[in-house]
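# Residue-level structure breakdown
Single-letter residue listing:
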Amino acid sequence: MTTDRFDVVLAGGGPVGMALALRLHARAIPTLLLEAQGVPEQAKDPRPLALSYGSRLILQRLGVWARLSQITPINKIHISNRGYFGRTVLTSQEAGVPELGYVVNYHDLHHSMHQLLQSSRGANYQLGAMVSKLTTTPDEATVEYQQHGESKCAAAKLLVLADGGQLAAQIPNIRYHAHEYQQWAVVANVETTIPQSGIAYERFTTDGPVALLPSGTGYALVWTVPAQSVKEILALNDQTFLSALQCHFGDRPGKFIHTGKRSGFPLSLKYAVPATAMRTALIGNASQTLHPVAGQGFNLGLRDAWELSSEISTLSATPSKIGSQGMLHSYEQKRQLDRNAGKFFTDSLAKIFTIDFPVFQTFCGIGLSVLDCLPPAKRFVARRMIFGARG
Ligand SMILES: Cc1cc2nc3c(=O)[nH]c(=O)nc-3n(C[C@H](O)[C@H](O)[C@H](O)COP(=O)(O)OP(=O)(O)OC[C@H]3O[C@@H](n4cnc5c(N)ncnc54)[C@H](O)[C@@H]3O)c2cc1C
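Computed from a prediction, not measured in an experiment: that's the story for all the values here. (Residues numbered from 1 in each chain as written. Predicted model: local features only at pLDDT ≥ 70, side-chain atom pairs only at ≥ 80, totals over all residues. Heavy atoms only, no water.)

## A look at the packing of aromatic side chains
The following threshold applies: Two aromatic rings, drawn from Phe, Tyr or Trp (for Trp, its six-membered ring), form a pair once their centres lie within 6.5 Å of each other, and the interplanar angle then sorts them: stacked below 30 degrees, edge-to-face above 60, tilted otherwise. Helix and strand assignments follow DSSP, with helices taken as H or I runs no shorter than four residues and strands as E runs no shorter than two, numbered in order from the N terminus. Whether a residue is buried, partly exposed or exposed follows from its accessible area with a 1.4 Å probe, protein chains only, as a fraction of its type maximum: under 20%, in between, or over 50%, in that order. In this analysis the charged atom, NZ for Lys or CZ for Arg, is taken to sit over a ring once it is within 6 Å of the ring centre and within 35 degrees of the ring normal.
Per the counting criterion, the structure on display carries six aromatic pairs. Seen in terms of ring centroids, W65 and Y102 are 5.1 Å apart; in terms of plane orientation they differ by 75°. Their pairing is edge-to-face. With a gap of 37 residues between them, W65 in the loop between α2 (53–62) and β4 (72–74) and Y102 in strand β7 (residues 101–105) connect regions that are remote in the sequence. One exposure class covers both W65 and Y102, and it is buried. Positioned above the aromatic ring of W306, the side-chain terminus of R23 is 3.7 Å from the ring centre. For R203, the ring lying beneath its charged end belongs to F249, and the centroid distance is 6.0 Å.

Here you go:
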């Protein structure tokens, strides 16, 4: 088996892996991207992605933004706690940005990035390439993969894992910390009697948060349900599902009148410690998989990709240092604060509001109202959600 050599080999061509591949290609860094699946048309993923304004800026620089077929802006986020007094409203004006965020569809983003990579001359982008074995030495990392029934091998100064989190088990010294929330996210496109007007709703309940993200004329729903109820909720007929949602969410966005196909995703917190090892860096979900509350996962993963590509690009005059201990240490240091903040923020939100203790929830509600009266505090929260921990 012959071994092809690159500066960077990337295992996993989801949106985070593709973002890194696009930037490295633009910087003429020899990179191989290996994606297990075939063309994304065959794998429709229905989950909505709320992208921050900061992510928009990155996607614009990658040339992806203009290719997205549907982008719905978020101008306001309405946060409330079901059954308790108190709410907070975040606005784009208060945060000092044109829009707080945007809702796109995972599949559309994936497909647009895929098309851009395919049309980028000279990009080494291999589909149907399932990575199976990783080996790292102080000098290089080697990847074995299967493609079209053939076994192949590639080596690089740096191996980047963007596969969502399976392959790192083969890397010595990387351990995952994991917590199952015993919750699932039920996602669907829904319509209400009042067309959406750029407001995203995040409603906390003791079962978990429910998000209504403006999408087209209606909303993309992300409804957190207990693991034991998910089968039953997914099996409801449309009318009974809409009534259950109405009862759970309330009537602030109007009456729910239509639902599209529903899908379920199990929810967990999983993060690698450390997120780098000899000749290896983890990015996106391979580094941290978060609860979807507050829509942080992809935004954080995109910042991983951006920071890593910047770190690699600064070494273009000394490419032998790509994947060196010094480079990886610097990357890990720069990402630590943002990653820890993302984990802490989403994990706290996912847990605090599910504590079924009325006095405690009354205080949470008061907390939301106090936040609403403090514009500098709201600006602080909003800017960290938009640009990461450094605000
Ligand atoms: C219901 C839900 C709603 C969400 N909403 C939001 C939101 O609003 N905002 C937000 O920022 N985030 C959100 N997220 C999180 C977001 O979806 C993830 O953070 C994002 O998809 C991570 O992208 P990724 O490229 O790191 O990983 P993935 O999307 O998991 O991609 C990994 C890729 O690696 C490939 N792969 C796997 N194994 C191999 C292998 N052995 N060899 C080669 N390739 C391999 C896979 O085929 C896949 O294409 C949500 C998540 C869920 C579940």
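Don't stop here, the text continues.
## Structural notes on the site of the ligand
Put simply, the rule is: The nearness test applies per residue and asks whether one of its heavy atoms lies within 4 Å of the molecule or strand. Here a polar contact is taken to be a pair of N or O atoms separated by no more than 3.5 Å, where protein atoms must pair a possible hydrogen donor with a possible acceptor and residues adjacent in sequence count only if both atoms sit in side chains. Exposure was quantified through the Shrake-Rupley algorithm and a 1.4 Å probe, taking into account, for residues, occlusion by the shown protein chains and nothing else. Under the grouping applied here, Gly and all other residues not named as nonpolar or charged are polar, the nonpolar ones being Ala, Val, Leu, Ile, Met, Phe, Trp, Tyr, Cys and Pro and the charged ones Asp, Glu, Lys and Arg.
What surrounds the ligand is a group of 31 residues, the closest being E35, R47, A50, Y106 and F298. In the model, an oxygen atom of the ligand is placed 3.4 Å from a nitrogen or oxygen of the P15 main chain. For the ligand, an oxygen atom lies 3.3 Å from a polar atom in the backbone of G295. Considered on its own, the ligand offers 1000 Å² of accessible surface; in the complex 89% of this is hidden by protein. Elements with a contribution of two residues or more to the shell around the ligand: α1 (15–26), β2 (31–35), β3 (48–52), β9 (129–136), β12 (175–192) and α7 (297–313). Taken together, the residues of the shell around the ligand break down into 18 nonpolar, 10 polar and three charged.

## Examining the domain arrangement of the protein
We count it as follows: An automatic or database domain assignment supplies the start and end points of every domain. The contact criterion used throughout is that any non-hydrogen atoms of two residues lie within 4.5 Å. Summed over both partners, the accessible area lost on bringing two parts together, with a 1.4 Å probe, is the buried area.
By the assigned domains, the protein splits into domain 1 (3–45 + 106–177 + 268–351) and domain 2 (73–104 + 182–266 + 352–387). On a C-alpha basis, the centres of domain 1 and domain 2 stand 30 Å from each other. Contacts between the two partners involve 13 residues from domain 1 and, on the opposite side, 15 residues from domain 2. For domain 1, the biggest contributors to the area lost against domain 2 are H291, L349 and K351; these three give 31% of the whole.

## So, a nonpolar patch on the surface
Definition in use: For patches, a residue must show more than 30% relative accessible area and have no salt bridge; joins then use 9 Å for like charges and 5 Å for nonpolar side chains, namely Val, Leu, Ile, Met, Phe, Trp and Tyr. A pairing counts as a salt bridge when a side-chain nitrogen of Lys or Arg comes within 4 Å of a carboxyl oxygen of Asp or Glu.
Side chains of F85, I352, I355, F357, V359, F360, F363, I366, V370 and L374 sit close together on the surface and give an oily, nonpolar patch of about 930 Å² of accessible area. By residue number, the principal contributor to the nonpolar patch is helix α9 (residues 358–372), which donates five residues. Position of I366 among the secondary structure elements: in helix α9.

## Let's talk about the packing of α7 against helix α8 (residues 325–352)
Just so we agree on the cut-off: Fitted lines through C-alpha atoms give the axes, limited to the stretch in contact for helices. The angle between two N-to-C directions lies from 0 to 180 degrees. Every angle not falling under 35 degrees, over 145, or within 65 to 115 is termed oblique; those three ranges are roughly parallel, roughly antiparallel and roughly perpendicular. Two helices that cross are described as forming a left-handed crossing if the nearer one is turned anticlockwise from the farther one by less than a right angle, and a right-handed crossing if clockwise.
It is the contact of α7 with α8, at a shortest axis distance of 10 Å, that shows an interaxial angle of 160°. Judged on the interaxial angle alone, α8 and α7 are roughly antiparallel. Between α7 and α8 lies a crossing of right-handed hand. Taking contact as the criterion, the partners of L300, R303, D304, E307, L308, E311 and I312 in α7 are, on α8, M327, S330, Y331, K334, R335, D338, R339 and G342.

## Brief notes about the sheet that holds β4
Put simply, the test is: Paired strands, in this sense, are two strands between which DSSP finds at least two bridges.
Strand order in the open sheet formed by three strands is β3-β7-β4, with antiparallel pairing between adjacent strands. Each edge of the sheet is formed by a strand with only one pairing partner; in this case those strands are β3 and β4. Neighbour-to-neighbour, the strand axes of the sheet open up by a mean angle of 30°, direction not taken into account. Pairing between β4 and β7: three bridges, direction antiparallel. By the bridge assignment, I74 is partnered in β7 with G101.

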